[in-house]
Amino acid sequence: MPRLGPIACVTVATPDVQRLVDAYNLHLGYQVVDHGRISAAQAELWARPALAGRRYALMLPAGEGNTFFRFVESRTPHDYVPFRHMGWNAAELMVQDTDAIAAKLEHSPFRIIGPPADLSFSDKIRAMQALGPAEESIYLTSFKEKLPEFDTPDAKHFVDRTFIVILVGPSVAEINAFYHRHFGVAIAPVIPAVITVLSNAQGLPADTPHDLAALALTGQSYIEADTMPPATLPRRAIEGELPPAIAMVSFGVDSLPDTLDYIAAPRALASTPYHGRRAAVCVGPGGELVELIERGG
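Let us look at the structure shown here.

Analysis parameters
- Residues numbered from 1 in each chain as written.
- Predicted model: local features only at pLDDT ≥ 70, side-chain atom pairs only at ≥ 80, totals over all residues.
- Heavy atoms only, no water.
- Core = buried A, V, L, I, M, F, W, Y, C linked by side-chain atoms within 4.5 Å.
- Buried < 20%, exposed > 50% of the residue type's maximum accessible area, 1.4 Å probe, protein only.
- Contact = heavy atoms within 4.5 Å.
- Pairing = 2+ DSSP bridges.
- Helix = DSSP H or I, 4+ residues; strand = E, 2+ residues; numbered from the N terminus.
- Expected span 1.5 Å × (residues − 1).
- Polar contact = N/O pair within 3.5 Å; in protein donor to acceptor, adjacent residues only side chain to side chain.
- Axes fitted to C-alpha atoms, helices over the stretch in contact; angles between N-to-C directions.
- Phe/Tyr/Trp six-rings, centres within 6.5 Å; stacked < 30°, edge-to-face > 60°.
- Lys, Arg positive; Asp, Glu negative; His and termini not counted.
- Salt bridge = Lys/Arg side-chain N within 4 Å of Asp/Glu carboxyl O.

1. Topic: the nonpolar core
Here is step 1 of the chain: Counting 53 residues, the largest nonpolar core has Tyr 24, Phe 69, Trp 88, Tyr 179, Ile 223 and Phe 251 as its most contacted members.
Here is step 2 of the chain: Filtering out sequence-adjacent residues up to four positions away, Ile 223 remains in contact with Leu 4, Trp 88, Val 165, Leu 167, Tyr 179, Ala 213, Ala 214, Leu 215, Leu 217 and Phe 251.

As structure tokens, this is what we get:
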């Protein structure tokens, strides 16, 4: 069974690519490593031919590594509200000092929605939450010490790579089952956790517990699965466009599973982050777009 991981790319839909490039460069220290216009072949891979010719940019922490942010020019609906819709909810970045990055973001395009705090289930992990210029949610997390139960990367830069992507769906059980069935990801135990930004967006008491599970992938990467309240809305996109905010997450995979229904025929692309490898996109249990990039040649 093909192993899933690491996280290869977090794609954010935005009407203004340059605005995100400037924000991530000036305030997070990310650097552009590739930019241009979406090719017809890539737009077809995503089953969105109208995206051909749209601007894109790829960025890395300090220009290094293999886990990209990709900003793609796309029209987004005006009724999207963070943490009220299914799908990819956030990207969690490893940082060296959560409190220091919070101070740095105070007067920036990033709006802090969750100040630095130790997690409810571990005082060894400190995190904060912010919204970027495209209403994308990022968590900025530091570890006070290595935890044996989490194989996490070190933060080589002040703000380093995405090591967790937060996926929300009708239930953690459905997410666990999907990624276990198609990729052999171990069923992750469910724990109750306080997710204040989620509760605030849903109009719930701040201390409401939510079911959460950390699905361990290869390459020091994780999917955090959260069960959403019943009133949560589906992630809707304008016809032919990408879903708003975090539109898609790409993962490395040994080979493309034949158990999945892909939205378009798999194809090899020469551009970053594919580098000549085959890729395909499927839809997961939370309505999320999952892009799979084969690790082979």
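2. A look at the sheet that holds strand 1 (residues 4–14)
Here is step 1 of the chain: The strand order across the open sheet formed by eight strands is 2-3-4-1-13-16-15-14, and the pairing between neighbours is mixed. For this open sheet the edge positions go to strand 2 (30–37) and strand 14 (267–268), each flanked by a neighbour on one side alone.
Here is step 2 of the chain: In this sheet, strand 15 (residues 278–283) lies alongside strand 14 in antiparallel orientation, the contact comprising two bridges. Across the sheet, residue Ala 268 finds its bridge partner in strand 15, namely Arg 278.

3. Points about helix 1 (residues 17–28)
Here is step 1 of the chain: Between its first and last C-alpha atoms helix 1 spans 16 Å; for twelve residues at 1.5 Å apiece the expected length is 16 Å, and the two agree.
Here is step 2 of the chain: Of all the residues in helix 1, the buried ones are Val 17, Leu 20, Val 21, Ala 23, Tyr 24, His 27 and Leu 28.
Here is step 3 of the chain: N-cap assignment for helix 1: the residue whose side-chain oxygen lies 3.3 Å from the backbone N of Gln 18 is Asp 16.
Here is step 4 of the chain: Looking one or two residues past helix 1, Gly 29 carries a phi angle of roughly 80°, positive in sign.

4. Observations concerning the sheet that holds strand 12 (residues 222–227)
Here is step 1 of the chain: Strand order in this open sheet of eight strands is 6-7-8-5-9-12-11-10, and the pairing throughout is mixed. In this open sheet, the two strands that pair with only one neighbour each are strand 6 (111–119) and strand 10 (191–194). Adjacent strand axes in the sheet meet at a mean angle of 30°, parallel and antiparallel pairs treated alike.
Here is step 2 of the chain: The pairing of strand 5 (residues 87–95) with strand 8 (residues 137–143) spans four bridges and is parallel.

5. Observations regarding the packing of aromatic side chains
Here is step 1 of the chain: Tallied over the full model, the rule gives eleven aromatic pairs.
Here is step 2 of the chain: Both rings, one in Tyr 24 and one in Phe 69, keep their centres 5.1 Å apart while their planes meet at 55°; by these two values the pair is tilted. Residue Tyr 24 is located in helix 1, and its partner Phe 69 is located in strand 4 (residues 68–73); the two are separated by 45 residues in the primary sequence.
Here is step 3 of the chain: Here the aromatic rings of Tyr 24 and Phe 71 are separated by 4.9 Å at their centres, their planes lie at 55°, and the arrangement is tilted. You can see Tyr 24 sitting in helix 1 and its partner Phe 71 sitting in strand 4, a full 47 residues away along the chain. Across this residue pair, the class does not change: Tyr 24 and Phe 71 are buried.

6. Considering unusual backbone geometry
Here is step 1 of the chain: Residue Pro 6 follows Gly 5 across a cis peptide bond; omega there is 0°.
Here is step 2 of the chain: The residue after Thr 272, namely Pro 273, is reached through a cis peptide bond having omega 5°.
Here is step 3 of the chain: At Ala 245, a residue that is not glycine, the phi angle is positive and equals roughly 60°.
Here is step 4 of the chain: Its place among the elements puts Ala 245 in strand 13 (residues 245–253).

7. Comments concerning the side chain of Glu 224
Here is step 1 of the chain: Residue position: Glu 224 is located in strand 12.
Here is step 2 of the chain: Lacking a salt bridge, the buried Glu 224 has Arg 235 as its closest oppositely charged neighbour, with an N-O distance of 13 Å.
Here is step 3 of the chain: If we ignore the near neighbours within four places in the chain, the residues touching Glu 224 are Glu 92, Ile 164, Val 165, Ile 166, Leu 167, Ile 195, Leu 212 and Ala 213.

8. Observations regarding helix 4 (residues 172–183)
Here is step 1 of the chain: In this model helix 4 runs 16 Å from its N-terminal to its C-terminal C-alpha over twelve residues, within 8% of the 16 Å that 1.5 Å per residue would give.
Here is step 2 of the chain: Gly 184 sits one or two residues past helix 4 and shows a positive phi near 70°.

Fair warning: the whole summary comes from geometry, so function is off the table for now.
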